[in-house]
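Below, each chain spelled out in residue letters.
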Amino acid sequence: MTEAAAEPGRAHRPGAGRPERAVAAAARRIPRLPTPVWDSLLPALLLLNAATTPAPREPVLTVALTAALALPLLRRRRAPLAVFGAVVAAALVQWLLDIQLPADIAVLVALYTLAAHSARRTTLAAGAVVEAGVLLACLRWAPDGAFLTPFVAVTAMTAAAAVLGMNVRTTRAYLAAVEERAAHLEREQEQQARLAVAEERGRITREMHDIVTHNLSVMVALADAAGYARQRSPDRADAAMRQISETGRQALTDMRRSLGVLRADEPDAERHPLPGIAQLDALAEQMSAAGLPTGLEVEGGHDHLPATAQLTVYRLVQEALTNALKHTPAGTRATVRIRCSAGTVTVDVADTGPRPPASAAAPSGHGIPGMRERAAAYGGTLRAGPLPGGGWGVRTRLLLDSAGAVSA
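Right, let's walk through the structure included here.

The rules behind each value
Residues numbered from 1 in each chain as written. Predicted model: local features only at pLDDT ≥ 70, side-chain atom pairs only at ≥ 80, totals over all residues. Heavy atoms only, no water. Helix = DSSP H or I, 4+ residues; strand = E, 2+ residues; numbered from the N terminus. Buried < 20%, exposed > 50% of the residue type's maximum accessible area, 1.4 Å probe, protein only. Pairing = 2+ DSSP bridges. Polar contact = N/O pair within 3.5 Å; in protein donor to acceptor, adjacent residues only side chain to side chain.

So, unusual backbone geometry
Comment: phi is negative for the bulk of residues other than glycine, and the bulk of peptide bonds are trans. Although it is not a glycine, D98 sits at a positive phi angle of roughly 60°. Mapped onto the elements of the fold, D98 is located in the loop between α5 (80-96) and α6 (105-117). With relative accessibility at 37%, the residue D98 sits in the partly exposed group.

Notes on the pairing of strand β3 (residues 344-351)
Along β3, 7 of the 8 residues are buried, which leaves the element largely enclosed by surrounding structure. Where strand β2 (residues 334-340) meets β3, 7 bridges bridge the pair, whose relative direction is antiparallel. Residue T335 lies in a different strand from β3, and its bridge partner there is A350. The loop that links β2 with its antiparallel partner β3 comprises 3 residues. Sheet analysis places β3 next to strand β5 (residues 392-399), joined by 8 bridges and oriented antiparallel. What sits directly across from V349, in β5, is V394.

Observations regarding the environment of Y378
Assignment of secondary structure puts Y378 in the loop between α13 (367-376) and β4 (383-386). Separated by 21 residues in sequence, Y378 and L399 have C-alpha atoms that sit 5.4 Å apart. One polar contact links Y378 to T308, side chain to side chain, over a distance of 2.6 Å.

What is shown is where atoms sit, not what they do.
And the structure:
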């Protein structure tokens, strides 16, 4: 498991993963020769040296041994262990034939490649084999009385080749881990962006549901009232039609504001702030005009409440009253009580009308689930159901200092 996966909370911080991405990008920008060309350079130089340098004895055997030491290096990246074995075997034949060659450097190159591609245990075993060869070579070819100097020098070169190879392997593993971490962070950021989009869509959906459901319900009720009053009371019918018009314009304004598509040429008068507790009076009057007499009681000051919390209270009351308007008969009355304190807001909406049995048992639609989501955003639990004395009630308590509060 990578660190990003173990600590997802750190993945979205600004600047997270930038050093790793920079290292990975820098590594990718380093110019490199093609691998076949790079691997063929040393064998070509060793063969060229063996072919052009006069050999003290048996030049054909010298070139053959040089080829046996150098040519396997062409495949050292694909099969490092097999190449190391072939080079060591050629070096052993060379030692048995008592022929010294510059191509012995191939043994160090093979050891370096093996260390760069194999586990530490394999590298240590290969280093021990090479060190044994160094001991045999110094015993045979070191000048009399000068064994220690060449033995220490070649041993140092052997250790350097092994250490360099292990360092390359470690660096390669680190770069791979860095690239994997950068890719993981990018995927995680994309996932968080998708979650944010989904959350915003859910918020807009709740807003649109509340706006459309409430205003259409009010407009339908007013239209019915206007139809009934058209013959007996034309003045009341005209007032209802004006209220329908005003409700429709308010709905359009709320929809534009919620979707964020107000045009640049929209009159500034249409750019109202988000509704809150102060607008509950107008909501109660609107519901009363639609046929649901509504009383409102607000206890405690609400100026200190955040705008999102006030919007949540407004939408909860709006949805509860809309449900009452749709599901109760004529003559039903509703009461809204809001109690504000320093850290909480309590919302109580009750009506006097009965509900159909099916609606009381299992409310349909998205109204109550949407209300529960709004209340949960402020750590509240919404209770909606029949009241003991008759009617229907909705109650919730919002915690303003809740750590889980999110945008309403």
